[in-house]
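# Reading the structure
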Amino acid sequence: METKDTNKVSVIESWLRKHRLVYVGATRHPFIHSIRDGTVNLNSFRRWLEQDYIFVRAFVPFVASTLVKAWKQSGDTNDIEVILGGLASLNDEISWFKKEASKWDVSLSNVVPQEANLNYCRFLERLTSPEVEYAVAITTFWAIETVYQDSFAHCLEDGSETPEDLKRTCERWGNDEFKKYCDTLQSIAEGQLEKAPEDVVKKAEVAFLDVLELEVEFWNMSSHGGT
Ligand SMILES: Cc1ncc(CN)c(N)n1
């Protein structure tokens, strides 16, 4: 008789264990700590805001290309609806950035993207290629959203001293609904990874690590300016 192995560790769970330190580096960065303990430099926060607005604009075509891959390579209606919902929420995210920027006196019209941001946007652009497998794209999508979810949720936990006017930002990604959305992306990615050939799983793992590294560079850029 076949027995079900309930202790089987999923692919993503195994990566999160294997790359724990890198993951923690991306989600518990000093910039996030500074928001959480209320010592954040407001010019750094403004820099993050203007640069992230550019990032989100570049994120949209990447997510749209993931939607096309889902349609062509999976055809699963649930996947398509979840990714479509993700695109809709990016539309809200862009409006949110505009409103937030005006509250913080940040002009979004002539922002010069910094090196770390350009690198991240180039990475996203490479992944829009039709040659990149759906399993790699959906895993990357999950990783990008999850780093923000985990980072900003940390600023809302008990004991945090996040200033009142920064809580809006933390709640945008740190709320329970966004956590559920990330969990759904994770299970879609898991489903794809389970049936993907070994070389594709390897590529997805590399993309996951790339995201963690690019997120650290993005936080560094926000904290210190420069590259
Ligand atoms: C850099 C970065 N990473 C992730 C997210 C979440 N959409 C974001 N807005 N910016």
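Residues numbered from 1 in each chain as written. Predicted model: local features only at pLDDT ≥ 70, side-chain atom pairs only at ≥ 80, totals over all residues. Heavy atoms only, no water.

On to the overall build of the protein, then. A tally of regular secondary structure across the protein gives 10 helices and 0 strands. Relative to the compact-globule value of 17 Å for 227 residues, the protein shows a C-alpha radius of gyration of 18 Å, a close match. Projected onto its principal axes, the C-alpha coordinates of the protein cover approximately 65 × 35 × 30 Å. Once local pairs closer than 6 in sequence are excluded, the contacts in the protein between residues at least 24 apart make up 86%. Side chains of the protein give 25 positive and 37 negative charges; the mean places of these two sets differ by 2 Å. (Helix = DSSP H or I, 4+ residues; strand = E, 2+ residues; numbered from the N terminus. Rg over C-alpha atoms; globule rule 2.2 N^0.38 Å. Contact = heavy atoms within 4.5 Å. Lys, Arg positive; Asp, Glu negative; His and termini not counted. Charge placed at Lys NZ, Arg CZ, Asp CG, Glu CD.)

Before going further, it helps to examine the pattern of salt bridges. Counted according to the given criterion, the structure contains 11 salt bridges. Residue Lys-180 is joined to Glu-177 by a salt bridge in which the shortest nitrogen-to-oxygen separation is 3.7 Å. One end of the pair is Lys-180 and the other is Glu-177, both in helix H9 (residues 176-195) and 3 residues apart, which spans about a single turn. Relative accessible area serves as the criterion here: at 54%, Glu-177 is assigned to the exposed category. The closest approach of N and O atoms between Lys-202 and Glu-205, which form a salt bridge, is 3.1 Å. Of this pair, Lys-202 and Glu-205 both sit in helix H10 (residues 198-224), 3 residues apart, which is roughly one turn of that helix. Taken together, the shared-partner salt bridges in this structure form one network comprising Lys-18, Lys-202 and Glu-205. (Salt bridge = Lys/Arg side-chain N within 4 Å of Asp/Glu carboxyl O. Buried < 20%, exposed > 50% of the residue type's maximum accessible area, 1.4 Å probe, protein only.)

Glancing now at the site of the ligand. Near the ligand you find Asp-52, Phe-55, Val-56, Phe-59, Glu-93, Tyr-120, Ile-144, Glu-145, Tyr-148, Trp-173, Glu-215 and Phe-218, and these make up its full shell. Contacts to the ligand include Glu-145, whose side-chain N or O atom sits 2.7 Å from a nitrogen atom. In isolation the ligand has 290 Å² of accessible area, and contact with the protein removes 100% of it. Contributing elements (two or more residues each) for the shell around the ligand: helix H4 (42-74), helix H7 (134-154) and H10. (Near = heavy atom within 4 Å. Polar contact = N/O pair within 3.5 Å; in protein donor to acceptor, adjacent residues only side chain to side chain. Areas by Shrake-Rupley, 256 points an atom, 1.4 Å probe, with all protein chains shown as cover.)

The predicted model of the protein averages 95 in pLDDT, with 96% of residues at 70 or higher. Across the whole predicted complex the pTM is 0.95, and at the interface the ipTM reaches 0.98. (pLDDT = per-residue confidence, 0-100.)

Summed over all chains, the structure comprises 0 disulfides. Looking at the unpaired Cys-155, the closest cysteine sulfur is the one in Cys-170, lying at 4.3 Å. Relative accessible area serves as the criterion here: at 0%, Cys-155 is assigned to the buried category. Cys-182 forms no disulfide, and the closest cysteine sulfur to it belongs to Cys-170, at a distance of 15 Å. (Disulfide = S-S within 2.5 Å.)

A separate point is unusual backbone geometry. Note on backbone geometry: most residues besides glycine have negative phi, and most peptide bonds are trans. Of note, Asp-105 is a non-glycine position whose phi angle comes to about 60 degrees, a positive value. Along the chain, the position of Asp-105 falls in the loop between helix H5 (77-103) and helix H6 (115-127). Given the relative accessible area of 73%, Asp-105 is considered exposed.

Bringing the packing of H4 against H7 into the picture now. Direction vectors running N to C along H4 and H7 enclose 145 degrees, while the axes themselves pass 9 Å from each other. Classified by chirality, the crossing of H7 by H4 is left-handed. Contact with H4, carried on its side by Trp-48, Asp-52, Phe-55, Phe-59, Phe-62, Val-63, Thr-66, Lys-69, Ala-70, Gln-73 and Ser-74, involves Tyr-134, Ala-137, Ile-138, Thr-140, Phe-141, Ile-144, Glu-145, Tyr-148 and Phe-152 of H7 and no other residues of that element. Split into classes, the residues belonging to the contact of H4 with H7 amount to 13 nonpolar, 4 polar and 3 charged. (Axes fitted to C-alpha atoms, helices over the stretch in contact; angles between N-to-C directions. Left-handed = near helix turned anticlockwise from the far one by under 90°. Nonpolar A, V, L, I, M, F, W, Y, C, P; charged D, E, K, R; others polar.)

On to the packing of aromatic side chains. Geometry of an aromatic ring pair is reported as the spacing of the ring centres plus the angle between the planes. All chains considered together, the criterion is met by 27 aromatic pairs. Considering the side-chain rings of Phe-55 and Phe-218, the 5.9 Å spacing of their centres and the 70 degrees angle between planes classify their relative orientation as edge-to-face. Of this pair, Phe-55 sits in helix H4 while Phe-218 sits in helix H10, and the two are 163 residues apart along the sequence. Like Phe-218, Phe-55 is buried. Of the aromatic side chains, those joined through ring pairs into one cluster are Phe-31, Phe-45, Trp-48, Trp-96, Phe-97, Trp-104, Tyr-148, Phe-152, Trp-173 and Trp-219. (Phe/Tyr/Trp six-rings, centres within 6.5 Å; stacked < 30°, edge-to-face > 60°.)

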